[in-house]
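A structural walkthrough
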Amino acid sequence: MSKWPMRTMRGLLCAVAAWMPFSAAADDFDVAKLSSNLDLASLSDADLAARSITVFHMGDVELTSGRIVASDPLVGPDRPAFVRTVAPGNYPVSIYKAFGRVAAAGLRFADGKPARWELALIPGQDIKSLKNDEFFGYPVDAGLGCYMDAETYALIQEREQQVRTQKSATDINYYDDVLAPEIEANDDKYVMHRPVTGKRGNVAVFWSGWGDGSYPVFWGLDAEDRPLVLFTDFWVTENADGRHEPGGG
């Protein structure tokens, strides 16, 4: 998607850092070393505004199975769901904007400030395997991130087949043929996309901060290890503050 703005040097560095070797065993892995922006998920709208961060509440994403996928929806809609699950239901999604970009995205399951945070993992990922500056995140190659239920991928496939039939073509571009009119109506920043009208299951789609790269996702848990929020940091801000651009940005 060449239409997305060119990244700054800071954005390029963030993308590279996602693949660089953060020495940490499972017991001492400190998510604060990956993100200084986790407080965004707990601040009030007024507190965010005081920090020059705008929060937009997109609406609810429908989790039909409670198995959550976070990915680039155009290149990785079939990415495996996270190991940790939630109860099926409708949950609100918020995006946090700073410096003209989407800085982070949060999916809320219950009120409250997390007692602790953990890196969200998909099957086969092991915290103990990480070395130096390594971390697990999802790759972005189309300038977009999303939250959706794992079952919603089947609806995306169904929509693709509908478009193929309508166009009498085997190859389609999901962005150009389906998503573009919806997200362009929101300044190319976000959309709550429903692949198939009348069927339960939608996708919270949002601009991924600096664009392409790899971005970590975190679970915010209460004292009993119950999920309160799922949070994606796109590294646009530091210390949950939008009043000053990060050094080098």
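Below or above, wherever it landed, is the structure these notes cover. (Residues numbered from 1 in each chain as written. Predicted model: local features only at pLDDT ≥ 70, side-chain atom pairs only at ≥ 80, totals over all residues. Heavy atoms only, no water.)

**Digging into the overall build of the protein**
Looking only at helices and strands, the protein has four helices and 12 strands in total. Out of the 249 residues belonging to the protein, those deemed buried represent 51%. Surface summary for the protein: the accessible area is close to 11300 Å², and the carbon and sulfur share equals 49%. (Helix = DSSP H or I, 4+ residues; strand = E, 2+ residues; numbered from the N terminus. Buried < 20%, exposed > 50% of the residue type's maximum accessible area, 1.4 Å probe, protein only. Areas by Shrake-Rupley, 256 points an atom, 1.4 Å probe, with all protein chains shown as cover.)

**Details of the packing of aromatic side chains**
The tally for this structure, following the rule as stated, stands at 11 aromatic pairs. When the centroid spacing of 5.1 Å and the interplanar angle of 75° are considered together, the rings of Tyr91 and Phe109 count as edge-to-face. Taken as a pair, Tyr91 in strand β3 (residues 89-98) and Phe109 in the loop between β4 (101-108) and β5 (116-119) lie far apart in primary sequence, 18 residues in all. A relative accessible area of 12% means that Tyr91 is categorised as buried. When its relative accessible area of 16% is taken as the criterion, Phe109 is described as buried. Taking 6.4 Å as the distance between ring centres and 55° as the angle between the ring planes, the aromatic pair formed by Tyr96 and Phe231 counts as tilted. Of this pair, Tyr96 sits in strand β3 while Phe231 sits in strand β12 (residues 227-233), placing them 135 residues apart in sequence. No difference in accessibility class separates Tyr96 from Phe231, as the two residues are buried. Taken together, the aromatic side chains of Phe135, Tyr147, Phe206, Tyr215, Phe234 and Trp235 make up a single cluster linked through ring pairs. (Phe/Tyr/Trp six-rings, centres within 6.5 Å; stacked < 30°, edge-to-face > 60°.)

**Comments concerning the pairing of β12**
Looking along a regular strand, one sees side chains alternate from face to face of the sheet. Within β12, seven of the seven residues are buried, which leaves it mostly tucked inside the rest of the structure. As judged from the five bridges shared by β4 and β12, these two strands associate in the antiparallel manner. When the sheet's bridge partners are listed, Leu107 is paired in β12 with Leu230. Across five bridges, the pairing between strand β11 (residues 217-221) and β12 is antiparallel. Bridge pairing links Leu221 to Pro227 in β12. Hairpin connection between β11 and β12: a loop of five residues separates the two successive antiparallel strands, and Asp225 in this loop has a positive phi of roughly 65°. (Pairing = 2+ DSSP bridges.)

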